[in-house]
Amino acid sequence: MAFLTRDPVHLDALIARITGPDRGGVVTFLGLVRDHHEGRSVDGLEYSAYEPMAEAVCAELIAETESRWPVRAALSHRVGPLGIGEAAVAIAVAAPHRDEAFAACRHLIEELKRRVPIWKQESYSDGTRCWVDPTAGSTKPSDEERAGARPW
Amino acid sequence: MAFLTRDPVHLDALIARITGPDRGGVVTFLGLVRDHHEGRSVDGLEYSAYEPMAEAVCAELIAETESRWPVRAALSHRVGPLGIGEAAVAIAVAAPHRDEAFAACRHLIEELKRRVPIWKQESYSDGTRCWVDPTAGSTKPSDEERAGARPW
Amino acid sequence: MADSVGTPPTIRIRLFARYAELLGAEYLDMPAAGLSTTNDVLARIRALPGGAGVGESTLVAINLKQAAPGSPIRPGDEVALLPPLAGG
Amino acid sequence: MADSVGTPPTIRIRLFARYAELLGAEYLDMPAAGLSTTNDVLARIRALPGGAGVGESTLVAINLKQAAPGSPIRPGDEVALLPPLAGG
């Protein structure tokens, strides 16, 4: 099962893969593309990934989550261009009890952000683009990025 | 907007009501009907409610959640008969940041269970029925319930 | 008014789920005389056949609002006796 | 083997996102000589035009696994330089 996809993610399909007669609590997380970032107006963005490593790390995250809690978990992350409001990431966790479902879902999104090699380039309404750096205080487009345009 | 429904709940529709260009984190909770309860095999169940009060309390829960966190929230709870695996309750919360979405979603399901006047009668594979009492140590059918059948 | 003579003031007592089964009714209209708090309502219900099952964990609502134990009630109120809640 | 004479052992260095733009390449094959740890790879990349932007927050993966700073590398390894991650 691939974790990265170029197609829209469907939460219902993700949930259907993990539910079962013994798992009554389902918690999901969706990360949607916002229309602004640090005060700048965002038109759209593009995710790219180190794909074989990202797939391997996602599989590892699911396995470690399912061994730490009595849950089933699934996730899907978009790559390629996305528009405002689209889901970039979807996570679903099903558990016998809701405590575990909440804890495991939270763990997955935190670890995904920390460990899965995926990058995000935002396009702003002023025509500039910027690679988002969550470790930086704020995101400023570099000179190269202002100039435009080494194609990726 | 009614919070109680006799029809299947659709998570996507619930989410669509609360998302917006500024709210990038969506957390949902689904409570599904399990096939057993305290070791007994469950065939199905029926929810009933003190409907006008339940609607009022749900509206109050949404309002207090939206005033405590910068979120939009929606919920839907089934009444009437449900089969194994169906969603009895669906909650969706959208927020600018995931911390708030997780906290508010968790708050809603806890307070819903604590304050909304809804009851659940389980039907077991041996033909007995039982009103579930989460405050009791375990659920035992009363004599009346064993005998069968004051129609509700 | 004729009403004040012909129909003595009542309290409507709503019963749900297990309590409706125990008492065999979804509501009872009772004369308000002697019913000044929710405790009076509980005592009167518990004295009815089947009413012994209305236990200590009963929640009470007055006019759709959950009420603290012993809250005062007035003629015309709707008092609901809620078995332990099981939504979600 | 002819290979051991004709093609000296190399390290494939993968570049992503901002780093691919800065260096103008998605990967570079470099002679393994002198590259015994990930720090050697970072130093060599930083010496290239555009390489100064490969900052202190760079994560390094060896053969698809994140590696601690200064981890040893061997000829034939694929070493990936990961700008700050931004998934989710």
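The model shown is predicted, which means the values in this text are computed figures rather than measured ones.

**Side note on the confidence of the model for chain C**
Okay, step 1: Of all residues in chain C, 93% have pLDDT values of 70 or greater, and the mean over the chain is 93.
Okay, step 2: Across the assembled chains, the prediction reports ipTM 0.90 with pTM 0.90.

**Regarding the sheet that holds strand β4 (residues 65-67) of chain C**
Residue and element names in this part refer to chain C.
Okay, step 1: A sheet is described by the order of its strands in space; here five strands give the open sequence β2-β1-β5-β3-β4, paired in mixed fashion. Each end of this open sheet is capped by a strand with a single partner; those strands are β2 (27-31) and β4. With strand direction ignored, the average angle separating the axes of adjacent strands in the sheet is 30 degrees.
Okay, step 2: With four bridges connecting them, strand β3 (residues 59-62) and strand β5 (residues 78-82) associate as antiparallel partners. Bridge pairing links I62 to V79 in β5.

**Side note on the state of the cysteines**
Residues and elements named next belong to chain A.
Okay, step 1: By the definition in use, this model includes zero disulfides over all chains.
Okay, step 2: Among the cysteines around C58, which has no disulfide bond, C105 carries the closest sulfur, lying 14 Å off.
Okay, step 3: Assessed through its relative accessible area of 0%, C58 is described here as buried.

**Thoughts on the interface of chain A and chain D**
Okay, step 1: If you look at the interface, chain A gives 30 residues, while chain D gives 24 residues.
Okay, step 2: At the boundary of chain A with chain D, total buried surface from both sides reaches about 2,300 Å², with 61% on carbon and sulfur atoms.
Okay, step 3: For the pair chain A and chain D, the interface holds two salt bridges.
Okay, step 4: Measuring nitrogen to oxygen at the nearest pair gives 3.4 Å for the salt bridge that ties E60 of chain A to K65 of chain D.
Okay, step 5: The interface formed by chain A and chain D includes ten residue pairs in polar contact (both at pLDDT 80 or more).
Okay, step 6: Every element with two or more residues in the side of chain A that touches chain D is listed here: β4 (40-49), α2 (51-68), α3 (98-115), β8 (118-124), β9 (129-131) and α4 (143-147) of chain A.
Okay, step 7: Broken down by element, the side of chain A that touches chain D gets its largest block of residues, five residues, from α3 of chain A.
Okay, step 8: Across the side of chain A that touches chain D, the residue classes tally to 16 nonpolar, four polar and ten charged.

**A look at the environment of A56 of chain A**
Okay, step 1: Structurally, A56 of chain A can be placed in helix α2.
Okay, step 2: Taking C-alpha positions, A56 of chain A is 35 Å from S125 of chain A, a pair spaced 69 residues apart along the chain.

**Description of the packing of α3 of chain A against helix α3 (residues 98-115) of chain B**
Okay, step 1: Contact pair α3 of chain A / α3 of chain B: the axes reach a minimum separation of 12 Å and the direction vectors enclose 175 degrees. By the angle class used here, α3 of chain A and α3 of chain B are roughly antiparallel. Listed contacts from α3 of chain B to R98, D99, F102, C105, R106, I109, E110 and K113 of chain A of α3 of chain A are R98, D99, F102, C105, R106, I109, E110 and K113 of chain B.

**Notes on the layout of surface pockets**
The probe, sized like a water molecule, is rolled over the atoms to show the empty space still left.
Okay, step 1: Quantified by volume, the largest pocket comes out at close to 730 Å³.
Okay, step 2: Around the largest pocket, the lining comprises 32 residues; the ones closest to its centre are R34, H37, K113 and K120 of chain B together with G88 of chain C.
Okay, step 3: Looking at the lining of the largest pocket, the elements that each hand over two or more residues are β2 (25-32), β3 (36-37), β4 (40-49) and β8 (118-124) of chain B.
Okay, step 4: When residues in the lining of the largest pocket are grouped by element, the largest group, three residues, is from β2 of chain B.
Okay, step 5: Partitioning the lining of the largest pocket into residue classes produces 14 nonpolar, eleven polar and seven charged.
Okay, step 6: When its volume is computed, the second largest pocket comes out at roughly 600 Å³.
Okay, step 7: If you go around the second largest pocket, you meet 28 residues; those closest to its centre are R34, K113 and K120 of chain A, R98 of chain B together with G88 of chain D.
Okay, step 8: Looking at the lining of the second largest pocket, the elements with two or more residues in it are β2 (25-32), β3 (36-37), β4 and β8 of chain A.
Okay, step 9: Of all the elements, β2 of chain A adds the most residues to the lining of the second largest pocket, at three residues.

**What about the relation of the copies chain B and chain A?**
Relating one copy of the chain to the other takes a rotation about an axis and a shift parallel to that axis.
Okay, step 1: Expressed as a screw transformation, the operator carrying chain B onto chain A has a rotation angle of 180 degrees and an axial translation of 0.0 Å, and the superposed copies differ by an RMSD of 0.0 Å. Read as a symmetry element, the transformation amounts to a two-fold axis. It is T28 of chain B whose C-alpha, among those of chain B, lies nearest the rotation axis, at 2.6 Å.
Okay, step 2: Here 100% of the interface residues in chain B have copies in chain A that are interface residues too; the copies meet face to matching face.

**Observations concerning the side chain of S76 of chain B**
Okay, step 1: With respect to the element layout, S76 of chain B can be found in strand β5 (residues 72-78).
Okay, step 2: In this structure, S76 of chain B is in contact with F3, T5, V9, L14, A88, V89 and A90 of chain B, ignoring residues within four places of it in sequence.

**Observations concerning the interface of chain B and chain A**
Okay, step 1: The interface is formed by 29 residues belonging to chain B together with 30 residues belonging to chain A.
Okay, step 2: Summing the contributions of chain B and of chain A, the shared interface buries around 2,500 Å²; its carbon and sulfur component is 55%.
Okay, step 3: Contact with chain A buries area across many residues of chain B, yet R34, R98 and F102 of chain B alone supply 25% of it, more than any other trio.
Okay, step 4: The tally of links from chain B across to chain A stands at four salt bridges.
Okay, step 5: Here E110 of chain A ties to R98 of chain B by a salt bridge, and the two come within 2.8 Å at their closest N and O atoms.

Cut-offs applied
Residues numbered from 1 in each chain as written. Chains lettered and ligands numbered in written order. Predicted model: local features only at pLDDT ≥ 70, side-chain atom pairs only at ≥ 80, totals over all residues. Heavy atoms only, no water. pLDDT = per-residue confidence, 0-100. Pairing = 2+ DSSP bridges. Helix = DSSP H or I, 4+ residues; strand = E, 2+ residues; numbered from the N terminus. Axes fitted to C-alpha atoms, helices over the stretch in contact; angles between N-to-C directions. Disulfide = S-S within 2.5 Å. Buried < 20%, exposed > 50% of the residue type's maximum accessible area, 1.4 Å probe, protein only. Contact = heavy atoms within 4.5 Å. Buried area = accessible area lost by both parts, 1.4 Å probe. Salt bridge = Lys/Arg side-chain N within 4 Å of Asp/Glu carboxyl O. Polar contact = N/O pair within 3.5 Å; in protein donor to acceptor, adjacent residues only side chain to side chain. Nonpolar A, V, L, I, M, F, W, Y, C, P; charged D, E, K, R; others polar. Parallel < 35°, antiparallel > 145°, perpendicular 65-115°, else oblique. 1 Å grid on protein atoms, 1.4 Å probe; cavity = no way out; pocket = protein on both sides within 12 Å on 5 of 7 lines; lining within 4 Å. Points joined across faces, edges and corners; volume = space filled by probe spheres on them. Least-squares fit on C-alpha atoms with pLDDT ≥ 70 in both.

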